[in-house]
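# Coordinates in review
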Amino acid sequence: MSEPFVRPGTSMCVVSLTYGDDLDAIDAAMSDHVDWLSDAYANGLLLASGRKQPRTGGIIIAIGGKKVTEELIAKDPFVSRGLATAEIIPFTASMAATPLADLLS
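For clarity, every value in this text was computed on a predicted model and none was experimentally measured. (Residues numbered from 1 in each chain as written. Predicted model: local features only at pLDDT ≥ 70, side-chain atom pairs only at ≥ 80, totals over all residues. Heavy atoms only, no water.)

In this section: the sheet that holds strand β3 (residues 46-51). Sheet architecture is open: 4 strands sit in the order β3-β4-β2-β5, paired in antiparallel fashion. With one partner strand each, in any of the chains shown, β3 and β5 (84-93) form the two edges of the open sheet. Looking at each pair of strands side by side, their axes are set apart by 15° on average, direction ignored. In the packing of helix α1 (residues 23-42) onto the sheet, the strands contacted are β2 (10-19), β3 and β4 (57-63), and the crossing angle to β3 comes to about 165°. Most of the contacts of helix α2 (residues 66-74) go to β5, to which it runs at about 155°, and overall it touches β2, β3, β4 and β5. (Pairing = 2+ DSSP bridges. Helix = DSSP H or I, 4+ residues; strand = E, 2+ residues; numbered from the N terminus. Axes fitted to C-alpha atoms, helices over the stretch in contact; angles between N-to-C directions. Contact = heavy atoms within 4.5 Å.)

Here's what the structure looks like:
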């Protein structure tokens, strides 16, 4: 029986966005943020993203090392407009579910 996971050895980052106090400003920039996310997905730079619960920010899983991710996140309208701060946590994906194999190779 084959293993139900792969060992990709892929550099990735978890990005934790934390909103400032003005959710109205976040909502006003949401369309630009979604456009930025869409471009990053189209370029193969993101694996997943979504809102934190409760709505205090968001989580992004980026494919690539810390430097690449820092450059990417700096262009996020939430970050570039000072509406959110980003904590970038790099890691190496040493195990992943088999369906992710093509995305991480």
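Next, the rest of the story.
Should their charged atoms come close, side chains of opposite charge can pair. Under the defined criterion, the tally for this structure stands at 2 salt bridges. The closest approach of N and O atoms between aspartate 27 and arginine 55, which form a salt bridge, is 2.6 Å. One end of the pair, aspartate 27, is in helix α1; the other, arginine 55, is in the loop between β3 and β4, with 28 residues separating them in the sequence. A residue is classified by how much of its surface remains accessible, and aspartate 27, at 40% relative accessible area, is partly exposed. A salt bridge links aspartate 32 to arginine 81, with the shortest nitrogen-to-oxygen separation between them at 2.7 Å. Linking aspartate 32 in helix α1 with arginine 81 in the loop between α3 (77-80) and β5, this pair joins segments that are 49 residues apart in sequence. For aspartate 32, a relative accessible area of 32% translates into the label partly exposed. Judged by relative accessible area, arginine 81 falls into the partly exposed class, the value being 47%. (Salt bridge = Lys/Arg side-chain N within 4 Å of Asp/Glu carboxyl O. Buried < 20%, exposed > 50% of the residue type's maximum accessible area, 1.4 Å probe, protein only.)

Here the focus is the pairing of β3. Summarising the sheet, β3 and β4 pair through 5 bridges and their orientation is antiparallel. Across the sheet, residue glycine 50 finds its bridge partner in β4, namely isoleucine 59. The hairpin formed by β3 and β4 contains 5 residues between the paired strands.

Checked against the element boundaries, aspartate 76 lands in the loop between α2 and α3. Here aspartate 76 is buried and forms no salt bridge, its nearest opposite-charge partner arginine 81 lying at an N-O distance of 8.0 Å. Each residue touching aspartate 76, except ones within four places of it in the same chain, is listed here: Leu17, His33 and Trp36. (Lys, Arg positive; Asp, Glu negative; His and termini not counted.)

Everything listed here is a matter of coordinates, which is why it stays silent on function.
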